Amino acid sequence: MSNVLAVEGLTVNLTTQDRSFDVLSDISLTVAQGEILALVGESGSGKSMTALSIMGLLPDPVAAVTSGAIYFDGIDLARADETTMRKLRGNRIGLIFQEPMTSLNPTMRVGPQVAEVLELHKGLKAHEARARVEGIFALVRIPDPKSRYDNYPHQMSGGMRQRVMIAIALACDPDLLIADEPTTALDVTTQSQILDTLRDLQAELGKATILITHDLAVVAETANRVAVMYAGRIVEQTSTEQLFATPRHPYTVGLLHAIPRDEAMPGEGRGRLVEIPGSVPALWNLPKGCAFAPRCSRATQQCQDSRPSLVDIQPGHQVACWHPVEAEI
Amino acid sequence: MSALLEVEGLTRHFAVTNSAGNSIGTVHAVTDVSFKIGAGETLGLIGESGCGKSTVSKMVVRLVEPTRGAVVLEGEDINKVSFSRMKMLRKRVQMVFQDPFGSLDPRQAAEDIIAEPLLVHGMRSKSERRARVVELMERVGLRADQMRNTPAAFSGGQRQRIAIARALALNPALIVADEPVSALDVSIQAQVVNLMVDIQKELGLSYLFVSHDLGVIRHISDRVAVMYLGRIVEIGRTSDLFANPGHPYTRTLMDALPKPNPARRLSKKRVPRGEIPSPLNPPTGCAFHPRCPLATDVCRQQLPALRPLAGGTQGACHHAA
């Protein structure tokens, strides 16, 4: 399978009135056709910044790429001008945002909001676009596409609005899809329906997809590969099966244990969840060595003095840790 | 054993008017909800948006008055007592909210936030208040030397610790916690859940713990009530409810929850049907019938009452065993 996207050594700097610091450091990842790569991490880990960098939507001039490259179809997006990016965004790179209520225009019917994308990028006339949009609505499992086309966003449920967002992202048949917390704002039964549709679409269309989420359970049920982010860096990257079976970075292990889950439940509650002590450090005040060291039970002097780089611990499994957790036998 | 809190037939309907002030219907936010919470016990209240769980929690602290029904705290109906008596009762029930960014005054120091209930309830001496704040901050895992900082200086998890300290200030018998960990990252969520469990063990207080998160509810609750469109559809001991969910909606919720198990990615899942109907015009009969795999004619016509089910819980379903 060929890579649709290759990010190489991406570093992004943020400069505010008070300080200047890196929000992303040395990010490298690839996404192949037909693959869902999950970027998982807690708030401030850099997962959304990575997506913004790929889309060329970094807040200008506060944030800027200082080194590295983002290759998409032979173009380095990190250095592409705004005209080039405008032709790609919404056309060859589709985006699904978290909040369907605030991402849709409340004063405009939903159909034309999808048609707009086709008129802009594909030069379709309004009536041609309408037929295409109805087809896309059917594809994303919106029942009764013909009448739904004329709904306003407030006339739809949260789940249906999120389907409209997915329709906008897929309208131009993009090569790369970026979904930023696509189910976080939804109820659990609606989330289950949307995830099911995303899986079906993946099987039918085989788009290269980047799924951004904080929820490891969503990762488990959706992604082929996972990159775990912490404080602006990728700390572990491998296949989904491998990550859940033998997580090696202490942060990943901590995250997995912190989820209250069925098997680990002693029935009547009252047990303790495994917590990761402390909190995520401020990006402008990172420790000299490993950023996770102050919260890590395995940390040694080496971890405080020097930062581990992301290396292959076995084929297809990369970890940035001096003392990775042993693989279970 | 007499219950600390007894909620009986609690109902809250909201009239909806159009811009001309004419009635266009009634939102059945909560209908006929009854439960008890014993001393030292945690009742988990779970459901999706619009199921009425937050309205129930607000009625328990009398932030919303019920249309019908009673909230009886330590033998007294809180909606029938005088203003001054209510002020006394408020010391017994405190609340922790979801959003630690919105529920704390950004211009107040942590000390003043935590001390405010003490001041309101008559602790005049500043040195006494400070001593209590120090004790509370240490109890919830904050450093007392941070007490003059405003909320902006604290992380989300630390802010929720401040909110818990404020709730504990008056030694309440019951804490109503409405989605207290939903806004927090998973590693921080575990810290706050553990803190709440520790405090309960130490002080013997009760929780009404409201959440949409099955995993957290299962972890912290002795008993669980599942709400759907304003009514309790199933209630029982946590172990019974999770081992033998009787109501089809409870089972739907459990199936729908993503699990941290990649083997499920490739397996075919039962996906819930349809969507939550509007509480403005709830379906007739059992409100879950349009989405229910077991629904028959009786479900469309008759409202099922809660009754004992084989798995040990009480469920409101015509067909559950």
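These figures come from a predicted structure and were not determined experimentally.

We now examine the overall build of chain B. A tally of regular secondary structure across chain B gives 11 helices and 12 strands. By its C-alpha atoms, chain B is 65 × 50 × 50 Å across when sized along the principal axes. Scored against the burial criterion, the 321 residues of chain B give a buried share of 56%. Considering only contacts in chain B between residues 6 or more positions apart, those separated by 24 or more positions represent 63%. Accessible area of chain B: about 13600 Å², with a carbon and sulfur share of 51%. Taking the 40 positively charged and 30 negatively charged side chains of chain B as two groups, their mean positions are separated by 3 Å.

Moving on: the UniProt feature "domain: ABC transporter" (unreviewed entry) in chain B. Cross-referencing UniProt, the feature "domain: ABC transporter" (unreviewed entry) maps to residues 5-254 of chain B in the present numbering. The span residues 5-254 of chain B carries 37% helix and 28% strand; its end-to-end C-alpha distance comes to 28 Å.

What follows covers unusual backbone geometry. Note the cis peptide between D60(A) and P61(A), where omega equals 0 degrees. Not every positive phi belongs to a glycine, and D73(A) is a case in point at roughly 55 degrees. Owing to a relative accessible area of 52%, D73(A) belongs among the exposed residues under this scheme. Although it is not a glycine, E74(B) adopts a positive phi angle of roughly 45 degrees.

Each regular strand shows side chains that alternate between the opposite faces of the sheet. All names here are of chain B. Extensive coverage of strand 10 (residues 231-237) is indicated by the burial of 5 of its 7 residues. Direction of pairing for strand 9 (residues 223-228) relative to strand 10: antiparallel, over a ladder of 6 bridges. In the sheet register, V224 faces strand 10, and the bridge partner there is G236. The antiparallel hairpin formed by strand 9 and strand 10 contains 2 residues in its connecting segment, where L229 sits at a positive phi of about 45 degrees.

Next up on the list: the sheet that holds strand 5 (residues 75-76) of chain A. Residue and element names in this part refer to chain A. With antiparallel pairing, the 4 strands of this open sheet are ordered in space as 2-1-4-5. Edge positions in the sheet fall to strand 2 (20-32) and strand 5, since each of these pairs with one other strand and no more. Against the sheet, helix 1 (residues 47-55) engages strand 1 (3-15), strand 2 and strand 4 (63-72), with an angle of about 70 degrees to strand 2.

So, on to the packing of helix 4 (residues 110-122) of chain A against helix 7 (residues 158-170) of chain A. The description of two helices packed together rests on the angle between their axes and the distance between the axes. Residue and element names in this part refer to chain A. One can describe the packing of helix 4 onto helix 7 by two numbers: an axis separation of 8 Å at closest approach and a directional angle of 20 degrees. Considering their axes alone, helix 4 and helix 7 lie roughly parallel with respect to each other. Note that helix 4 runs across helix 7; the crossing there is right-handed. Here V110, Q113, V114 and V117 of helix 4 lie close against helix 7, whose contacting residues are V164, A167 and I168. For the contact of helix 4 with helix 7, a count of residues per class yields 6 nonpolar, 1 polar and no charged.

Turning our attention to the domain arrangement of chain A. Residues and elements named next belong to chain A. Under the domain assignment, chain A is made up of domain 1 (3-92 + 172-319) and domain 2 (94-171). Computed from C-alpha coordinates alone, the two centres of domain 1 and domain 2 are separated by 28 Å. Contact with domain 1, which involves 30 residues of that partner, is made by 21 residues of domain 2. Taking both sides of the interface into account, the surface hidden between domain 1 and domain 2 amounts to around 2100 Å²; carbon and sulfur atoms contribute 63%. Seen at the junction of domain 1 and domain 2, the total is 2 salt bridges. Among the salt bridges present, the one from R141 reaches E204, with a minimum N-O distance of 2.9 Å. Our enumeration of links across domain 1 and domain 2 arrives at 13 residue pairs in polar contact (both at pLDDT 80 or more). Looking at which element gives the most residues to the side of domain 1 that touches domain 2, the answer is helix 8 (residues 188-205), with 9 residues. Here the side of domain 1 that touches domain 2 is composed, by residue class, of 14 nonpolar, 6 polar and 10 charged.

Moving on, we get to the pattern of salt bridges. All names here are of chain A. For the structure on display, the rule yields 31 salt bridges over all chains. With a closest N to O distance of 2.7 Å, R225 and E35 form a salt bridge. Here R225, found in strand 9 (residues 225-230), pairs with E35, found in the loop between strand 2 and strand 3 (36-40); they are 190 residues apart in sequence, far enough to count as distant. E35 shares its class with R225; the two are buried. The partner of K207 in a salt bridge is D173, and the shortest N-O contact between them spans 2.3 Å. In this pair, K207 sits in the loop between helix 8 and strand 8 (208-213) while D173 sits in the loop between helix 7 and strand 7 (176-180), placing the two residues 34 residues apart along the sequence. Under the relative-accessibility criterion, K207 is labelled buried at 10%. For D173, a relative accessible area of 54% corresponds to the exposed category.

Residues and elements named next belong to chain B. Relative to the elements of secondary structure, I164 occurs in helix 5 (residues 156-168). Judged by relative accessible area, I164 falls into the buried class, the value being 4%. A sequence separation of 28 residues divides I164 from V192, and the C-alpha atoms of the two residues are 9.3 Å apart. With residues up to four places along the chain from it excluded, the contact list for I164 reads V96, V140, V192, L195, M196 and I199.

The next point concerns helix 11 (residues 250-258) of chain A. For helix 11 of chain A, the buried fraction is high: 8 of the 9 residues fall into the buried class. The complete set of buried residues in helix 11 of chain A reads P250(A), Y251(A), T252(A), V253(A), G254(A), L255(A), L256(A) and A258(A). Contact partners of the buried residues in helix 11 of chain A: helix 9 (216-222), strand 9, strand 10 (233-239) and helix 10 (240-245) of chain A together with helix 6 (186-203) of chain B.

Moving on, we get to the interface of chain B and chain A. Across the contact, 48 residues belong to chain B and 46 residues belong to chain A. A buried area of about 4100 Å², summed over both sides, lies between chain B and chain A, and 50% of it is on carbon and sulfur atoms. Per-residue buried area on chain B facing chain A is highest for H219(B), P260(B) and R265(B); these three make up 18% of the total on that side. Our enumeration of links across chain B and chain A arrives at 0 salt bridges. The tally of links between chain B and chain A comes to 15 residue pairs in polar contact (both at pLDDT 80 or more). Only helix 6, helix 7 (214-220), helix 8 (238-243), helix 9 (248-256) and helix 10 (263-266) of chain B provide two or more residues apiece to the side of chain B that touches chain A.

This part covers the nonpolar core. Counting residues in hydrophobic clusters, the biggest one holds 156 residues, and the most contacted among them are L5(A), L176(A) and I178(A). Looking at this core, you find at least three residues from each of domain 1 (3-92 + 172-319) and domain 2 (94-171) of chain A. Not counting residues up to four positions away in its chain, the partners in contact with L5(A) are L29(A), T30(A), V31(A), I54(A), I70(A), Y71(A), F72(A), L176(A) and I210(A). Grouped together as the second largest cluster of nonpolar side chains are 34 residues, I37(B), C51(B), L89(B) and M227(B) included.

Parameters and conventions
- By convention here, each chain's residues receive numbers from 1 onward along its written sequence.
- Lettering for chains starts from A, numbering for ligands starts from 1, and both go in the order in which the items are written.
- Totals for whole chains, interfaces and linings use every residue, but because this is a predicted model, local features are given only for residues with pLDDT of at least 70 and side-chain atom pairs only at 80 or more, for both listing and counting.
- To get the side-chain values, all heavy atoms of the structure are used, and hydrogens and water are removed first.
- Strands here mean DSSP runs of E at least two residues long; helices mean DSSP runs of H or I at least four residues long; both are numbered from the N terminus.
- Only protein chains enter the accessibility calculation, which uses a 1.4 Å probe; a residue is then buried when its area is under 20% of its type maximum, exposed when over 50%, and partly exposed in between.
- Contact between two residues is taken to exist if any of their heavy atoms lie within 4.5 Å; hydrogens are not considered.
- Every accessible area reported is derived by Shrake-Rupley at a probe size of 1.4 Å, with residue values counting cover from the shown protein chains alone.
- Residues scored as positive are Lys and Arg, those scored as negative are Asp and Glu, and His as well as the terminal groups of each chain are ignored.
- Here the site of a charge means atom NZ of a Lys, CZ of an Arg, CG of an Asp or CD of a Glu.
- UniProt positions are given in the numbering used here, feature names are shortened, and annotations may be inferred rather than shown by experiment.
- Strands qualify as paired when DSSP identifies two bridges or more between them.
- Angular values range over 0 to 180 degrees, each being the angle between N-to-C directions of two axes fitted as lines to C-alpha atoms, with helices fitted over their stretch in contact.
- An angle counts as roughly parallel when it lies under 35 degrees, as roughly antiparallel when it exceeds 145, as roughly perpendicular when it falls between 65 and 115, and as oblique in every other case.
- Here is the rule for handedness: rotate from the far helix to the near one, and if that takes an anticlockwise turn smaller than a right angle the crossing is left-handed, while a clockwise turn gives right-handed.
- Polar here means any residue other than Ala, Val, Leu, Ile, Met, Phe, Trp, Tyr, Cys and Pro, which are nonpolar, and Asp, Glu, Lys and Arg, which are charged; Gly is therefore polar.
- Domain segmentation is taken from an automatic or database assignment of domains.
- Here the quantity called buried area is the accessible surface, traced with a 1.4 Å probe, that two parts lose on coming together, added over both.
- Salt bridges are identified by distance alone: a Lys or Arg side-chain nitrogen within 4 Å of an Asp or Glu carboxyl oxygen.
- Here a polar contact means two N or O atoms within 3.5 Å. Within protein one must be a hydrogen donor candidate and the other an acceptor candidate, and residues neighboring in sequence count only if both atoms are side-chain atoms.
- Working definition of a nonpolar core: buried Ala, Val, Leu, Ile, Met, Phe, Trp, Tyr and Cys residues. They are joined through side-chain atoms within 4.5 Å.

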